[in-house]
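Chain residues, written in single-letter form:
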Amino acid sequence: MPKTTGPIIKDIAELSGVSPATVDRVLNKRPGVRERTAKRVLQAASELGYLPETDMAEAFRPKPMRVVFLLPSGTNPYLQLLGDRIKTAAEAITGYNIRARCFFIDSFNPQLLSEALRQHGEKADGIAFMAIDHPLVRETVSELQNAGKHMITVVSDISGVPHAAYVGLDNRAVGRTAGYLLGRFKGSRSGRVAMIAASRTYRAHEEREMGFLSLMEEEFPELRVVAAREGHDDRSENYLHTKSLLEEYPDLIGIYNVGGASDGVARALRESGRGRDIIFIGHGLTPDTRRFLLEDIMDVVITQSPGVIAHNVLRIFENLRAGGQVDKDLAKLTMEVVVKENLP
């Protein structure tokens, strides 16, 4: 932007109807001027020929939308992969006026998630997060949404609170799919099957568990389901739970890992020597679950594309920023059932 002198500032001030001091602040990009007033000053400067078209275009370009992704920290490889895809998508997508950052937090704790939402909500225009369906979190989301922040849930949704969008699968259908596959894979065998959940505070895991149990009851009543253990997406906890299940139930024929960190389950199965005998179904196609499929430790991985999730969230934020239809130009997010023979 060209250097301005006293007479030039006076001319712009007269045409735009503001004080010379205001013109000086706008042209030198100092704070303290309302956006509408700043645009009037810039328009006057352009009309008087003091502002080149290139500077004018830059001056009128909207500020980037600041968005934050909040994902659970821990040893879940799929969530780490999702975080990587978010960073890659944010850097690769052109044409979006968005500045995105990703943070990993201990969001199994609703108090900490609520605090993180409030903290980032002070500066961010929008937040995408894996929701805990808890009163503290629902209250915070409601307050931020009412304050004009765009709130998007990913992978796991939240109930009873208005928010911009949910990007993820129908998790009850996911659980029913896992139950159907496990029941079909068992053949003529009977016995017990076990579930290992991350935490029921996640609606996604609760819905998967509900879907799994309802399908089992409807289609395979001869199978006895062991009460779910919570492993909090931690490989060490999942390992200990699986080891305990194997020792306690000699007739165990199947395990459904409702959450992530399947490496803990696989380790216990491998050590027991029963990896090929027990049907193991889990979530999230990552380098480790690919290896477990190839080793016949795992039978099925149910997954959803982290790249599509990242793209769709950023697309929704861009649609919201532009004031357009929220679901415009979204990629289709599908449930993918992966076995050893169809590994992508």
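Here is what the cut-offs are and how they apply
Residues numbered from 1 in each chain as written. Predicted model: local features only at pLDDT ≥ 70, side-chain atom pairs only at ≥ 80, totals over all residues. Heavy atoms only, no water. Phe/Tyr/Trp six-rings, centres within 6.5 Å; stacked < 30°, edge-to-face > 60°. Helix = DSSP H or I, 4+ residues; strand = E, 2+ residues; numbered from the N terminus. Buried < 20%, exposed > 50% of the residue type's maximum accessible area, 1.4 Å probe, protein only. Lys NZ or Arg CZ within 6 Å of the ring centre and 35° of its normal. Pairing = 2+ DSSP bridges. Axes fitted to C-alpha atoms, helices over the stretch in contact; angles between N-to-C directions. Contact = heavy atoms within 4.5 Å. Polar contact = N/O pair within 3.5 Å; in protein donor to acceptor, adjacent residues only side chain to side chain. Expected span 1.5 Å × (residues − 1). Arc of directions from axis to C-beta. Core = buried A, V, L, I, M, F, W, Y, C linked by side-chain atoms within 4.5 Å.

What to know about the packing of aromatic side chains
Taken as a whole and judged by the stated rule, the model has two aromatic pairs. The interplanar angle of 75° and the centroid separation of 5.3 Å between the aromatic rings of phenylalanine 108 and tyrosine 202 together place this pair among those described as edge-to-face. Residue phenylalanine 108 is located in the loop between strand 2 (98-105) and helix 6 (110-121), and its partner tyrosine 202 is located in the loop between strand 6 (192-197) and helix 9 (203-219); the two are separated by 94 residues in the primary sequence. A relative accessible area of 0% places tyrosine 202 in the buried class. On the basis of an interplanar angle of 25° and a centroid distance of 4.9 Å, the ring pair of phenylalanine 212 and tyrosine 256 is categorised as stacked. Of this pair, phenylalanine 212 sits in helix 9 while tyrosine 256 sits in strand 8 (residues 252-257), placing them 44 residues apart in sequence. The residues phenylalanine 212 and tyrosine 256 share a single accessibility class, namely buried. Between the NZ or CZ atom of arginine 267 and the centre of the ring of tyrosine 239, over which it lies, the distance is 3.7 Å.

Observations concerning the sheet that holds strand 9 (residues 279-283)
With respect to topology, six strands assemble into an open sheet ordered 7-6-8-9-10-11, the strand pairing being mixed. Sheet topology places strand 7 (224-230) and strand 11 (336-338) at the edges, where each strand pairs with a single neighbour. Within the sheet, the average angular offset between the axes of one strand and its neighbour, ignoring direction, is 15°. As judged from the three bridges shared by strand 10 (residues 300-303) and strand 11, these two strands associate in the antiparallel manner. Looking at strand 11, one finds that threonine 303 is bridged to glutamate 336. The strands touched by helix 8 (residues 171-185) within the sheet are strand 6, strand 8, strand 9, strand 10 and strand 11, with strand 9 carrying the most contacts at an inclination of about 160°.

Thoughts on helix 11 (residues 262-272)
Every buried residue of helix 11 is accounted for by Ser262, Asp263, Gly264, Val265, Ala266, Ala268 and Leu269. Against the buried residues of helix 11 lie strand 6, helix 10 (235-248), strand 8, strand 9 and helix 12 (287-294). Backbone geometry just after helix 11 places glycine 273 at a positive phi near 75°.

With respect to the side chain of lysine 186
Along the polypeptide, lysine 186 turns up in the loop between helix 8 and strand 6. Polar side-chain contacts of lysine 186 include one of 3.2 Å to the backbone oxygen of arginine 189.

Things to note about unusual backbone geometry
We note that histidine 232 has phi near 55°; this positive angle belongs to a residue other than glycine. Among the secondary structure elements, histidine 232 is positioned in the loop between strand 7 and helix 10.

Quick word on helix 6
Note that an α-helix has 3.6 residues per turn; residues three or four places apart therefore point the same way. The end-to-end C-alpha separation of helix 6 is 16 Å, in line with the 16 Å expected for twelve residues at 1.5 Å each. When helix 6 is considered as a whole, its buried residues turn out to be Pro110, Leu113, Ser114, Ala116, Leu117, His120 and Gly121. The buried residues of helix 6 occupy an angular sector of 160° when the element is viewed end-on, so they sit on one face. Where the residues of helix 6 are buried, they touch strand 1 (65-72), strand 2, strand 3 (126-129), helix 7 (135-146) and strand 4 (150-154). By the N-cap criterion, in which a side-chain oxygen at the helix start approaches the backbone nitrogen of a residue two or three places on, helix 6 is capped by asparagine 109, the distance to glutamine 111 being 2.9 Å.

Focus: the nonpolar core
Among the nonpolar cores identified, the biggest contains 69 residues, and Leu117, Phe129 and Val154 are the most heavily contacted of them. The contact partners of leucine 117, leaving out residues within four places of it in the chain, are Leu70, Ile127, Phe129, Val137, Thr140, Val141, Leu144 and Met151.

Digging into the environment of isoleucine 297
You can see isoleucine 297 is positioned in the loop between helix 12 and strand 10. Other than its neighbours up to four places away in sequence, isoleucine 297 contacts Ala266, Leu269, Arg270, Gly275, Phe280 and Phe292.

A word on the side chain of arginine 229
Relative to the elements of secondary structure, arginine 229 occurs in strand 7. Here arginine 229 is in contact with Met195, Ile196, Ala197, His241, Ser244, Leu245, Glu248 and Tyr249, once residues within four sequence places are set aside.

Here we look at the sheet that holds strand 2
Strand order in the open sheet formed by five strands is 2-1-3-4-5, and the pairing between neighbours is parallel. In the strand order of this sheet, the two ends are held by strand 2 and strand 5 (165-167), each with one partner. Across this sheet, the average inter-strand angle for adjacent strands is 20°, counted without regard to direction. Bridge analysis of strand 1 against strand 2 gives eight bridges, and the strand direction is parallel. Bridge pairing in strand 2 links arginine 66 to arginine 99. Of the strands in this sheet, strand 1 and strand 2 touch helix 5 (residues 77-92), which is tilted by about 165° from strand 2.

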